[in-house]
Amino acid sequence: MKFYTTSIPQALPSWATLVSNKAGLIEVEINDKSPGFHSIIEELSTEIQPGIIGIKAGDLCQRLSIEMVDTNEEN
């Protein structure tokens, strides 16, 4: 799983890796097999729609102290 952001905290968790930093857009890759990542997922999981359990990307980004960039946004 990858996130694109404009800023990251000084220290990322062991399950998050900085992939690139080009033109102010930072690419962060998440190791979704890491037990540390799974514990965060369990903490943040919620019912996002009736009968559907998941996490909101915004909640994960807030936990990581990063601001997610929508790369699908039309200009």
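Here the structure is a predicted model, which is why all the values come from computation and not from measurement.

Following the sequence through the fold, Thr5 ends up in strand E1 (residues 2–5). Residue classification places Thr5 among the buried positions, given a relative accessible area of 0%. A distance of 2.8 Å separates a polar atom in the side chain of Thr5 from the backbone oxygen of Ser7.

Applying the stated criterion across every chain, the model contains two salt bridges. The salt bridge partner of Lys2 is Glu27, with a shortest N-O separation of 3.1 Å. Within this pair, whereas Lys2 is found in strand E1, its partner Glu27 is found in strand E3 (residues 25–30), the two being separated by 25 residues in sequence. The partly exposed category is assigned to Lys2, whose relative accessible area is 43%. Note on Glu27: relative accessible area 11%, which makes it buried. Salt-bridge contacts for Glu43 lead to Arg63; the nearest nitrogen and oxygen are separated by 3.0 Å. Of the two residues, Glu43 sits in helix H1 (residues 35–44) while Arg63 sits in helix H2 (residues 57–64), which places them 20 residues apart along the sequence. Under the relative-accessibility criterion, Glu43 is labelled exposed at 53%.

The nonpolar side chains of a soluble globular protein tend to be buried, and buried together. Core analysis: the biggest nonpolar cluster contains 13 residues, and Phe3, Trp15, Ile30, Leu60 and Leu64 have the highest contact counts within it. Those elements that place two or more of their residues in this core are E3, H1 and H2.

Parameters and conventions
Residues numbered from 1 in each chain as written. Predicted model: local features only at pLDDT ≥ 70, side-chain atom pairs only at ≥ 80, totals over all residues. Heavy atoms only, no water. Helix = DSSP H or I, 4+ residues; strand = E, 2+ residues; numbered from the N terminus. Buried < 20%, exposed > 50% of the residue type's maximum accessible area, 1.4 Å probe, protein only. Polar contact = N/O pair within 3.5 Å; in protein donor to acceptor, adjacent residues only side chain to side chain. Salt bridge = Lys/Arg side-chain N within 4 Å of Asp/Glu carboxyl O. Core = buried A, V, L, I, M, F, W, Y, C linked by side-chain atoms within 4.5 Å.

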